[in-house]
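Working through the structure, step by step
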Amino acid sequence: MYQAKAYAVASATSPFASSSIARREPTENDVQLEILFCGICHSDLHQARNEWSGMMPTVYPCVPGHEIVGRVTKVGSAVTKFKAGDLGAVGCMVDSDRTCPECKAGLEQFCANLTLTYNFPDKHTGGVTYGGYSDSIVVDQHFVLRVPENLDLAGTAPLLCAGITTYSPMRHWGVTKGKKVGVVGLGGLGHMAVKFAHALGAHTVVFTTSPSKIEDAKRLGADEVVLWRDANEMAKHAGSFDFILDAVAAEHDINAYINMLARDGNITLVGAPPNPLAVGVFGLLFRRRSFSGSLIGGIAETQEMLDFCSKHNITSDVEVIPIQKVNEAYERLVRSDVKYRFSIDMASLKAE
Ligand SMILES: NC(=O)c1ccc[n+]([C@@H]2O[C@H](COP(=O)([O-])OP(=O)(O)OC[C@H]3O[C@@H](n4cnc5c(N)ncnc54)[C@H](OP(=O)(O)O)[C@@H]3O)[C@@H](O)[C@H]2O)c1
Ligand SMILES: [Zn+2]
Ligand SMILES: [Zn+2]
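Just so we're clear, the structure is a prediction, and the values are computed from it rather than from any experiment.

Another aspect to go through is helix H11 (residues 326-334). Given 3.6 residues per turn, any residue in an α-helix points the same way as the ones three and four places further on. Of all the residues in H11, the buried ones are Val326, Ala329, Tyr330, Arg332 and Leu333. Angular distribution of buried residues about the axis of H11 spans 165°; they occupy a single face of the element.

See below:
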C-alpha cells in the first residue's frame, strides 16, 4: 500500500478538503495512472452529499471522480495493454467477475459482482474504493481504456461517464440519420447527447430550462431548441419523436415527454433523481411507447465511443478548474450553471 493525495468529503454536509488515502501497489494485472484530469459528474455530487442514501449510502470519507484521464506510471508483470508513459482512462467501473453472462456479453455495468470506481467495497484494501479526485489510481488493465492521441485531454475525461452514458442508449435504440431525437436537460450528459445525436445524423431537439443555453445548444449541434416552460412550443412536438434521452438531475414531469413520442418511440432516462417519478400509463399504452433506463456502458462500447469521438473530433466542452475550486464548482452544478462540464486539472493537487 502507498499513500495518495486526494480531495475528500468527511460527511454529507462537509466541504471537500485535502487528504491522504491508501492505494494498493499494482498487482500483476494492474495499471497505475498518474491522474491528469478528472471530470465532475452530477453523480459525484449526489454521492458526496449522500442523496442516494436509499440506493447506495455513502461511506465517508468519500473521494468521488469517475471521469479519469491519466498517464501510466507503472504496470504489473502480466499487463499487455499498456506500458509506462502511455495515456490511459478510467470510467465508472474498476472491476467485475469477468465470468457471468453480463460480463461475457460485454455488459460489465450489469455484473452482480461489479466494483464501481468509488464508494464501493474494495476487494484489495478491505475498505471502499476511492475515485479520481486524487493524484493516482491503480486499476485492473481490463478496466483501463485507450485514449485517442488526437483529443484534448481535459475534454476527454468527461467522455468516460457523460460520453458513454449518452452514447450507449443512442446506439441501443438505433439513433441514425432520419430519426427525430430529443435531449432533455443541457448539462454534462445532455451536451454530449447533443453532440452524438448530431454526429449520428439525427434531427436533434434540445429541451432546456435555461434561456442562456439556447444559442449554445445550436452551436453544439441542435436543430431546434425548446424552453421547457413554453407550452405552445412543447405542443408542436406532440407524437413526433423516435427517441428522447432525459438527462435531468432532479424531479420533473416526464409525462410531457412521453406524450411527445411517436408510435413505438422510446424515452430513456439516464438522469438519476433520488425520488420516484410519476408515470401516466395511458401515455405509454397509446402508440405502444416505451419508457426505460440506461446505465453507463460496457468496456468494449466505451472504447468504441472513444474511437468514435476520435474520428468525429468530439470532446466535452469543459471549464478547467484547479482542485481547490471544487466546492465552488459543486454549488454551480446545483444551479445548472456549468458550460458544460468541470474538468479538474490534477496538477493543482501537487500544491497541497
Ligand atoms: N445513468 C447513468 O449511467 C448516469 C451516468 C452519469 C450521470 N447520471 C445522472 O444523470 C443526471 C445528470 O448528470 P449531469 O452530470 O449531466 O448533471 P448536470 O451537468 O448537472 O446537468 C443536469 C441538467 O438537468 C437540467 N435540469 C433541469 N431542472 C433541473 C433541476 N431542478 N436541477 C438540476 N438540473 C436540472 C439542467 O439543464 P437545463 O439548464 O438545460 O435545463 C442541468 O444542466 C444526474 O442525476 C446524474 O447522477 C446517470
Ligand atoms: Zn458520472
Ligand atoms: Zn460479471
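Here the residue pair tyrosine 60 and proline 61 is connected by a cis peptide bond, since its omega of 0° sits within 30 degrees of zero. Among the secondary structure elements, proline 61 is positioned in the loop between helix H1 (42-48) and strand S4 (68-75). Between lysine 339 and the following residue, tyrosine 340, the backbone shows a cis peptide bond with an omega angle of -10°. When you line up the elements, tyrosine 340 lands in the loop between H11 and strand S16 (341-345).

Quick look at the site of ligand 1 now. The local shell around ligand 1 holds 29 residues, among which His42, Thr208, Thr209, Ser210 and Arg341 are the closest. One of the backbone nitrogen or oxygen atoms of glycine 188 is found 2.8 Å away from an oxygen atom of ligand 1. In the model, a nitrogen atom of ligand 1 is placed 3.0 Å from a nitrogen or oxygen of the valine 270 main chain. Isolated, ligand 1 exposes 910 Å² of accessible area, and the fraction of that covered by the protein chains is 90%. Contributing elements (two or more residues each) for the shell around ligand 1: H1 and helix H5 (188-199). The biggest single contributor to the shell around ligand 1 is H1, with three residues. Its residues placed into classes, the shell around ligand 1 shows 14 nonpolar, 13 polar and two charged.

With that settled, the discussion passes to the coordination of the zinc ion (ligand 2). Note on the zinc ion (ligand 2): its protein donors are Cys41 (SG), His66 (NE2) and Cys161 (SG). The metal-donor distances range over 2.0 to 2.2 Å. Sequence spacing of the donor residues for the zinc ion (ligand 2), all on one chain, is C-x24-H-x94-C. Here the residue cysteine 41 occupies a position in the loop between strand S3 (30-40) and H1, and cysteine 161 occupies one in the loop between helix H3 (153-156) and helix H4 (162-172), the gap between them amounting to 120 residues. Accessibility expressed as a relative area gives 3% for cysteine 41, which makes it buried. A relative accessible area of 4% places cysteine 161 in the buried class.

A few words on the pattern of salt bridges. One pass over the structure, following the stated rule, counts 20 salt bridges. Among the ionic pairs, lysine 218 bridges to glutamate 215, the shortest N-O distance being 3.9 Å. Remark: glutamate 215 and lysine 218 occur in helix H6 (residues 214-220); sequence separation between them is three residues, near one turn of the helix. Under the relative-accessibility criterion, lysine 218 is labelled partly exposed at 43%. Glutamate 215 gets classed as exposed once you look at its relative accessible area, which sits at 56%.

Another aspect to go through is the coordination of the zinc ion (ligand 3). Coordination of the zinc ion (ligand 3) by the protein comes from Asp97 (OD), Cys100 (SG), Cys103 (SG) and Cys111 (SG), over a distance range of 2.1 to 2.3 Å. In this structure, the zinc ion (ligand 3) is surrounded by four donor atoms whose angles at the metal cover 99 to 119°, and the resulting shape is tetrahedral. Donor residues binding the zinc ion (ligand 3) come from one chain and are separated in sequence as D-x2-C-x2-C-x7-C. Residue class for aspartate 97 comes out partly exposed when judged on its relative accessible area of 23%.

All right, on to a nonpolar patch on the surface then. A grouping of Val281, Phe282, Leu285 and Phe286 is seen on the molecular surface, where their side chains present a nonpolar patch of about 470 Å² in accessible area. Its relative accessible area of 48% is what places valine 281 among the partly exposed residues.

What follows deals with the nonpolar core. If you look at the biggest cluster of nonpolar residues, it comprises 97 residues, and the most contacted ones within it are Ile40, Tyr133, Met170 and Phe196. In this view, isoleucine 40 contacts Glu67, Tyr133, Ile321, Val326, Ala329, Tyr330, Leu333, Arg341, Phe342 and Ile344; residues no more than four positions away in its chain are not counted. Listed in part, the 17 residues of the second largest apolar core include Phe207, Phe241, Met260 and Leu269.

Rules used in this analysis
- Residues numbered from 1 in each chain as written.
- Chains lettered and ligands numbered in written order.
- Predicted model: local features only at pLDDT ≥ 70, side-chain atom pairs only at ≥ 80, totals over all residues.
- Heavy atoms only, no water.
- Buried < 20%, exposed > 50% of the residue type's maximum accessible area, 1.4 Å probe, protein only.
- Helix = DSSP H or I, 4+ residues; strand = E, 2+ residues; numbered from the N terminus.
- Arc of directions from axis to C-beta.
- Near = heavy atom within 4 Å.
- Polar contact = N/O pair within 3.5 Å; in protein donor to acceptor, adjacent residues only side chain to side chain.
- Areas by Shrake-Rupley, 256 points an atom, 1.4 Å probe, with all protein chains shown as cover.
- Nonpolar A, V, L, I, M, F, W, Y, C, P; charged D, E, K, R; others polar.
- Donors = N, O, S within 2.8 Å, 3.2 Å for Na, K, Ca; no water.
- Salt bridge = Lys/Arg side-chain N within 4 Å of Asp/Glu carboxyl O.
- Tetrahedral: all angles 85-135°; square planar, octahedral: opposite > 155°, others 65-115°.
- Patch = residues over 30% accessible without salt bridge, like charges linked within 9 Å, V, L, I, M, F, W, Y side chains within 5 Å.
- Core = buried A, V, L, I, M, F, W, Y, C linked by side-chain atoms within 4.5 Å.
- Contact = heavy atoms within 4.5 Å.

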